[in-house]
Amino acid sequence: MPRTVELREGVLSKNDALAAELRRRFEGAGVLAVNVVSGPGSGKTALLEVVLAALLGRGVRAAALVGDCATERDATRLARSGAPVRQIVTAGICHLEARMVEQHLDGFDLDHLDVLLIENVGNLVCPTGFDLGEAVRVVCLSVTEGEDKPLKYPHIFTSADLVVITKVDLADAADFDRAVAYSALEDVAPAATVIETSARTGAGVDDLVAELLRRRQG
Amino acid sequence: VHELTIASAIVQVAANHGNGGAVLEVLVEVGELAGVSPDALQFAWDVAAAGTPCEGARLVVRLVAVAVRCPSCGTEGELAEPLRLRCRACGTPTGDVIRGRELHVVQLTLAPEVGHAAHR
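Bear in mind that the values here come from a model prediction, so they are computed numbers and not experimental data.

**Q** So what about the nonpolar core? Which residues, and what values?
**A** All names here are of chain A. Formed by 30 residues in total, the largest nonpolar core has its most connected members in V34, V51, L55, V115 and L117. Elements with a minimum of two residues in this core: β2 (32–37), α2 (44–57), β3 (62–68), α3 (73–79), β5 (115–119), β6 (136–142), β7 (162–166) and α8 (205–217). With 6 residues, α2 is the largest single contributor of residues to this core. When residues no more than four places from it in sequence are discounted, the contact partners of L55 are V60, A62, V115, L117, V209 and L213.

**Q** Talk me through α2(A); I want residue IDs and the actual numbers.
**A** Residue and element names in this part refer to chain A. When the terminal C-alpha atoms of α2 are compared, their 20 Å separation across 14 residues agrees well with the 20 Å that a helix rising 1.5 Å per residue should span. Every buried residue of α2 is accounted for by K44, T45, L47, L48, V51, L52, A54 and L55. Within two residues after α2, G59 carries a phi angle of roughly 80°, on the positive side.

**Q** Give a description of helix α1 (residues 3–17) of chain B that names residues and reports values.
**A** Residues lying three or four places apart along an α-helix face the same way, a consequence of the helix completing one turn every 3.6 residues. Taking 1.5 Å per residue as the helical rise, α1(B) with its 15 residues ought to reach 21 Å, and the 21 Å between its terminal C-alpha atoms agrees with that figure. Looking at the packing, one finds that the buried side of α1(B) touches β1 (3–10) of chain A together with β1 (23–31), α2 (38–49), β2 (58–64) and β6 (103–110) of chain B. Positioned one or two residues after α1(B), B:N19 has a phi angle of 50°, which is positive.

**Q** Break down the state of the cysteines for me, with residues and values.
**A** Across all of its chains, the model carries 0 disulfides over all chains by this definition. You can see B:C73 has no disulfide; the closest cysteine sulfur is in B:C87, sitting 3.7 Å from it.

**Q** Let's hear about the interface of chain A and chain B: which residues, and what values?
**A** Across the contact, 30 residues belong to chain A and 35 residues belong to chain B. Regarding the contact of chain A and chain B, the summed buried area is about 2800 Å², with carbon and sulfur atoms giving 57% of it. Along the contact surface separating chain A from chain B lie 4 salt bridges. Close ionic contact of B:R84 with A:D187 constitutes a salt bridge, the shortest N to O distance being 2.9 Å. Counting every contact that joins chain A to chain B gives 16 residue pairs in polar contact (both at pLDDT 80 or more). Taken together, the elements giving at least two residues each to the side of chain A that touches chain B come down to β1, α6 (154–158) and α7 (178–188) of chain A. If one sorts the elements of the side of chain A that touches chain B by residue count, β1(A) sits on top with 8 residues.

Rules behind the numbers
- Residues numbered from 1 in each chain as written.
- Chains lettered and ligands numbered in written order.
- Predicted model: local features only at pLDDT ≥ 70, side-chain atom pairs only at ≥ 80, totals over all residues.
- Heavy atoms only, no water.
- Core = buried A, V, L, I, M, F, W, Y, C linked by side-chain atoms within 4.5 Å.
- Buried < 20%, exposed > 50% of the residue type's maximum accessible area, 1.4 Å probe, protein only.
- Helix = DSSP H or I, 4+ residues; strand = E, 2+ residues; numbered from the N terminus.
- Contact = heavy atoms within 4.5 Å.
- Expected span 1.5 Å × (residues − 1).
- Disulfide = S-S within 2.5 Å.
- Buried area = accessible area lost by both parts, 1.4 Å probe.
- Salt bridge = Lys/Arg side-chain N within 4 Å of Asp/Glu carboxyl O.
- Polar contact = N/O pair within 3.5 Å; in protein donor to acceptor, adjacent residues only side chain to side chain.

Here it is in structure tokens:
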């Protein structure tokens, strides 16, 4: 006779356990880990360039990990800020996992770091279920993507602590309807803080940095 | 398409609990907010299971509806409209999700152990 076994084991329990360990390491060292997620082309890297510069300008010790399927182009861009930066090349995998973050922490001295920005692979679906040990999950939405994007990709937006609307300098050109976007965000991310930014003009970057530092002090 | 990663992780969980014996069926609970497509998961399942104790096993997906707790009136319940995170009783927006993020293996059906009688 076939036997049935009842259990309740998380499918991603290995990733969850490793992420929990990373979270303890980050918290123990006083590092705010930030997982930045968005679709491709919504301006994550441009945003992180100005955020890194702003953090360093305030004397905050910041570093970054950046995930992409291929190339080290984004790490090269972010390293121009002067912050320690590592590229995670996923070789086609569509999201970052906790083990990739762990493997790339070697050489980063967490005890001498305040903020670690982790730029995920550009993807609004797959990163949803993969905890990286972050304290804050930021999901970006650019004004050129359409106001209803949160409704089309609700899974990731419901997991956001912070939603950053990027490229607001293009809002008028893109006929971006703020009321529609905010209503969509209220549907799927009612608990998230929303901040509007422009990497080009610098608008909102100080607000975002202040919000991150506020969460670091918790 | 992270479903192949998910399918491989399900195979690992099932194989561990099955002590290496053949697995006939795996029941998983997938929350509506887990970000996993049941169709894509089924599609990836055969590939992930090939050459493992799960080869040929049936994957059964049980979807779990989203439920939230209301910060204002305390009601706990499923959503009135799909993926609109509001209290079904009073309409207050709430991010307090109490169900719907599950991604769990909850039941395995294992083949009878070969040579069981010989141990008697």
